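Residues per chain are reported as follows:
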Amino acid sequence: MLDKTYRPADIEKKRYGEWERNGTFACGQKPDADPFTIVIPPPNVTGSLHMGHALNNTLQDILIRYQRMKGRDTLWQPGTDHAGIATQMVVERQLADEDRTRHDLGREGFIKRVWEWKAESGGTITSQLRRLGASCDWRRERFTMDDGLSRAVRKVFVDLYKRNLIYRDKRLVNWDPKLHTAISDLEVEQREITGKMWYFKYPVEGRAGEFVTIGTTRPETMLGDVAVAVHPDDDRYRHLVGKTCVLPIVGRKLPIVADEYADPEKGSGAVKMTPAHDFNDFEVGKRHNLKLVNVLDADARLNKNVPEKYRGLDRYVARDKVVAEMESLGLFVKVEENLMTIPYGDRSGVVVEPWLMDQWFVDARALAGPAITAVEQGRTKFVPKQWENTYYEWMRNIQPWCISRQIWWGHQIPAWFGPDGEIYVEETEDEAQAKANDYYGKAVTLKRDEDVLDTWFSSALWPFSTLGWPDQTPELKRYYPTDVLITGFDIIFFWVARMMMMGLHFMGEVPFHTVYIHALVRDEKGQKMSKSKGNIIDPLRLIDKYGADALRFTLTALAVQGRDVKLAESRVEGYRNFATKLWNAARFCQMNECRPVAGFDPGAVRQTVNRWIVGKVAEAEAATTAAIEAYRFNDMAGALYQFTWGTFCDWYVEFAKPILEGDDDAKAETRATAAWALDQQLHLLHPIMPFVTEELWQQLAERPSPLITSPWPTFDAAVIDADANAEMDWVVRLISQVRTVRAEMNVPPGAKIPLLLKDAGSQAQARVAGHRGLIERLARLSSVELLNGAVPKGAVQDVIDEATIVLPIADVIDLASEQARLEKEIAKLDDEVRRFEKKLANEKFVANAPEEVVETERERLAEARLTRSKMDDALNRLTAAR
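None of the values given here were measured: they were computed from a predicted structure.

Quick one: what's the story with the overall build of the protein chain, residue by residue and with numbers?
Check the secondary structure of the protein chain and you find 27 helices and 29 strands. Expressed along its principal axes, the backbone C-alpha trace of the protein chain runs to roughly 110 × 65 × 55 Å. When burial is assessed residue by residue, the protein chain has 54% of its 882 residues classed as buried. Within the protein chain, residue pairs in contact and separated by at least 24 positions form 77% of the contacts whose partners lie at least 6 positions apart. Carbon and sulfur atoms make up 47% of the accessible area of the protein chain, which totals about 38,800 Å². Side-chain charges in the protein chain split into 117 positive and 131 negative, and the spacing between the mean points of these groups amounts to 2 Å.

Lay out the sheet that holds strand β10 (residues 244-246) in plain terms, naming residues and giving numbers.
Taken together, four strands build an open sheet; the order of strands is β10-β11-β9-β12 and the sheet is mixed. Every interior strand has two partners, whereas the edge strands, β10 and β12 (270-273), have only one. The average undirected angle you get between the axes of adjacent strands in this sheet is 30°. Bridge count between β10 and strand β11 (residues 253-258): three bridges; the pairing is antiparallel. Among the inter-strand pairings, threonine 244 is bridged to a residue of β11, identified as proline 255.

Describe the packing of aromatic side chains, listing the residues and the values that go with them.
What the rule picks out here adds up to 44 aromatic pairs. Relative to tryptophan 645, the ring of phenylalanine 578 lies with its centre 6.3 Å away and its plane at 10°, an arrangement referred to as stacked. Here the residue phenylalanine 578 occupies a position in helix α18 (residues 569-591), and tryptophan 645 occupies one in helix α20 (residues 633-660), the gap between them amounting to 67 residues. When the ring centre of tryptophan 19 is taken as origin, the NZ or CZ atom of arginine 65, which lies over that ring, is 4.6 Å away. Above the plane of the ring of tyrosine 392 lies arginine 396, whose end atom (NZ or CZ) is 4.2 Å from the centre.

Summarise the packing of helix α3 (residues 84-97) against helix α4 (residues 102-121); cite the residues concerned and give the values.
The interhelical angle for the contact between α3 and α4, taken along N-to-C directions, is 115°, at an axis separation of 10 Å. Put simply, α3 runs roughly perpendicular to α4. By crossing handedness, the relation of α3 to α4 is classed as right-handed. Residues Thr87, Gln88, Val90, Val91, Glu92, Gln94 and Leu95 of α3 lie in contact with α4, whose contacting residues are Arg102, Leu105, Phe110, Arg113, Val114 and Trp117. In the contact of α3 with α4, the residues fall into seven nonpolar, three polar and three charged.

A description of unusual backbone geometry should follow, citing residues and the corresponding values.
With omega at -5°, the peptide bond leading from valine 383 into proline 384 counts as cis. Mapped onto the secondary structure, proline 384 falls in the loop between β15 (381-383) and α10 (387-396). Along the chain, tyrosine 480 connects to proline 481 via a cis peptide bond; the corresponding omega equals 0°. Tracing the sequence through the fold places proline 481 in the loop between α14 (474-479) and β22 (482-488). Positive phi is not limited to glycine here, since aspartate 759 has a value of about 60°. Not every positive phi belongs to a glycine, and arginine 780 is a case in point at roughly 55°. As for its placement among the helices and strands, arginine 780 is situated in the loop between α24 (762-779) and β27 (781-787). According to the relative accessible area criterion, arginine 780 is partly exposed, its value standing at 41%.

I'd like a rundown of the sheet that holds strand β5 (residues 166-176), residues and numbers included.
Overall, antiparallel pairing links the four strands, which are arranged β6-β5-β14-β16 in an open sheet. Two strands lie at the open edges of the sheet, namely β6 (181-183) and β16 (401-402), each paired on one side alone. Inspection of the sheet shows strand β14 (residues 353-362) paired to β16 by two bridges, in the antiparallel sense. Paired with valine 362 across the two strands is tryptophan 401, which belongs to β16.

An account of the side chain of threonine 380 is requested, with residue identities and associated values reported.
With respect to the element layout, threonine 380 can be found in the loop between α9 (364-376) and β15. Note on threonine 380: relative accessible area 1%, which makes it buried. Side-chain polar atoms of threonine 380 contact the backbone oxygen of phenylalanine 512, separated by 2.7 Å. When near neighbours in sequence (up to four residues on either side) are disregarded, threonine 380 contacts Ala374, Val375, Met500, Val510, Phe512, His513 and Val515.

Describe the nonpolar core, naming the residues involved and giving the relevant values.
Within the largest apolar cluster, 203 residues are counted, with the highest numbers of intra-cluster contacts made by Tyr391, Phe457, Met502, Trp612, Phe648, Phe655 and Leu807. If sequence neighbours within four positions are ignored, phenylalanine 655 has contacts with Val609, Trp612, Met728, Val731, Val732, Leu774 and Leu778. Residues Val228, Val322, Val323 and Met357 belong to the second largest nonpolar core, which totals 42 residues.

Kindly report on the environment of aspartate 650, identifying the contributing residues and their values.
With respect to the helices and strands, aspartate 650 occurs in helix α20. Looking at aspartate 650, the relative accessible area reads 28%, which means it is partly exposed. Counting along the chain gives 350 residues from aspartate 650 to alanine 300, while the straight-line C-alpha distance between them is 68 Å. If we skip the residues at most four places from it in the chain, aspartate 650 touches Lys581 and Trp645. Only 3.3 Å separates the side chain of aspartate 650 from the side chain of lysine 581, close enough to count as a polar contact.

Outline the state of the cysteines, supporting the account with residue identities and numerical values.
Within the structure shown, the criterion is met by zero disulfides. Counting only cysteine sulfurs, cysteine 136 is the nearest neighbor of cysteine 27, a cysteine outside any disulfide, at a range of 12 Å. Exposure remark for cysteine 27: the relative accessible area of 12% places this residue in the buried category.

Can you explain the pattern of salt bridges? Please cite residues and give values.
In the structure shown here, the tally under the stated rule is 69 salt bridges. A salt bridge links arginine 7 to aspartate 3; the shortest N-O distance between them is 3.9 Å. Owing to a relative accessible area of 45%, aspartate 3 belongs among the partly exposed residues under this scheme. Glutamate 189 is the salt-bridge partner of arginine 191, the closest N and O atoms lying 3.3 Å from each other. Look at arginine 191 and you get partly exposed, because its relative accessible area is 31%. When salt bridges with common partners are traced through the structure, they connect Arg218, Glu220, Arg315, Arg319 and Glu353 into a single cluster.

What counts and what doesn't
Residues numbered from 1 in each chain as written. Predicted model: local features only at pLDDT ≥ 70, side-chain atom pairs only at ≥ 80, totals over all residues. Heavy atoms only, no water. Helix = DSSP H or I, 4+ residues; strand = E, 2+ residues; numbered from the N terminus. Buried < 20%, exposed > 50% of the residue type's maximum accessible area, 1.4 Å probe, protein only. Contact = heavy atoms within 4.5 Å. Areas by Shrake-Rupley, 256 points an atom, 1.4 Å probe, with all protein chains shown as cover. Lys, Arg positive; Asp, Glu negative; His and termini not counted. Charge placed at Lys NZ, Arg CZ, Asp CG, Glu CD. Pairing = 2+ DSSP bridges. Axes fitted to C-alpha atoms, helices over the stretch in contact; angles between N-to-C directions. Phe/Tyr/Trp six-rings, centres within 6.5 Å; stacked < 30°, edge-to-face > 60°. Lys NZ or Arg CZ within 6 Å of the ring centre and 35° of its normal. Parallel < 35°, antiparallel > 145°, perpendicular 65-115°, else oblique. Left-handed = near helix turned anticlockwise from the far one by under 90°. Nonpolar A, V, L, I, M, F, W, Y, C, P; charged D, E, K, R; others polar. Polar contact = N/O pair within 3.5 Å; in protein donor to acceptor, adjacent residues only side chain to side chain. Core = buried A, V, L, I, M, F, W, Y, C linked by side-chain atoms within 4.5 Å. Disulfide = S-S within 2.5 Å. Salt bridge = Lys/Arg side-chain N within 4 Å of Asp/Glu carboxyl O.

Below, the structure is given as structure tokens:
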């Protein structure tokens, strides 16, 4: 017998352990079936489960469990990312607690220490994914720094280098002066602040008393200015194009160039050019062949390329000194407050510098072409489709990809330098040494490049490197290309696009045919979760409190395509109650001896209520299958919630009770039908709620296989009996409408009132006669009669098809008091609607408030209007009754 109370913690641990021990998640168990493959977006090895992980992996698991039940040979490839900078910082913090640095250990000693940390703590995130219920093939778990993936990385680097698709160049990078490494755009956090804009005068050479006024937010970088740019159509400066300015403090001559980058409407219209310290200036510099003057060192202090009195100064100290000197020279014009966006390192928390240095780059433009074409041709589709535009925008304007990082933890670049700086790129040091010895005609000493590769470089190979490439393994042949990638919109550029480029280049085929982009998980007010706001919701806490199934169902129900998830703990609690409802319905069936019957034919049942539930099961399966195939996860959850709680628990169980209290063939049929219908919904719910469904499946009967590997149900449309559906749906509607009117009129729950059905046709009369007892019991009625005469005074009315529902209520409530209550409620709602309308009509509010706040206000307005409309209907009914 099932326990009276559903306890998710005990069940989840037990069932997951069974699945994993029995190898249930393993691929290759159906060699004759079509494969279905998903590669997990590898979480950082340093990570802990957050709500984004929970949403992402719940949706992946739904697809994998569904396809497993559909008979496919499923592979959900798991693994973790070595997370170069993040992991190095974790271990460096440990060393700091010991009053040591990585330099005290040396490179080899430090890397050994990182591997020790990984062995001890690196499995946290995968253990947490198990708690969520992720049915990955854990036997195949990979790590982006394991031997196989490291070999793939080296081979790709060497191949691209020898095809001139990887090269070394001096370019601007995002330089973190605290971590002393270049970082990717994804690792840069853009913060909006109110800074300052200083305006200075630069003298025009040979034109006494004539100046060009420039504006800058970074006076310290003016020491690296090499030109002044003006718009070619700006009449104010047209006569100066081709002439030169003199850079104050330094004395360098600055050519005045015409370039459309200069905006006549912004500032003075003249822009100082510092190509070594600004990405836009760098592009202007290339167009005009400007020289590059780097004035900062790795610590963001001024270097030897500036006047001696500035050398060694911190950038912000130098800023104040430059402003003061410009004032003393009489070249300071003014300073204004300026709203601006400043780049910060997301891990170091310091301002990132565009910095000129030698780095390794991938010729991303050359690789992007086939990846663009593949999406244009539909070989890879984005869901929702509008994300294709984001993909195209970035790919068509792609820049060289800086792939080198100045840290120790990661894939060390397989490049060696000869005595004269000649570069040798090979997969092994022995191969590089042989090439160098041959080149120099003698044995020489080589020095390996100390940089490591950007973490995204190894991640870009994930769909095929995890399957054994560069070896031509059976798994690679069977499971590549993969089927679906589920990921967030924020890494379309950094991961999705690069996997597309690498997959097409090295495998000749796209890495996945569908990319499903999910939205952000926000708090219940629509605010982005952050530590500073204190609104982070911990998924593990919710799992501990409500169970993994409740969290999974919540996230699925809220996963509307293209709309951010607004998560409230109350929703998770509500879906915990849903799991409890299912559990209690199963206990009801068990207590009433509703057991699965071998050979049960749902198309052969005779009782109307049983023909009805059979049809509803078939409709639920069709809706669920259609939704999941279209990646409409919220529709899938909605269909299952409505069927399970609404149709089965609230209606069928109640309809079945009188039959199950009898003792005839109808009772036996209803027992078998109830057991069958419960089994089918366990199948349909399993991809979203794997734990409670598996527990019920195995507790309710002896089974030939666990639910996780049982076939997905399919039904012939013939099992849907239109007449039975129409009859029982009518009964449901009648009872529901009576309940609604009772609630609106504040009829006491215990009060039984009569129901008169006026102008009922022959079909409605037959339905009343056949189900009078059910209607009276479930609608709390004293009687159900047909009415052919006038409607009695004190009765409220509603309409069902051709008939009128008449409910005499004057004996159980005070009609006048109730009317006054409704009028008061409507007045309050009118005030609320006007308040929301006024707020949303305020253009300043709509323009300046966060988008999620405006959307919440719109939703509250819509809700108030709907409630107002319902109250109006109730008042009209009550007025008519008087």
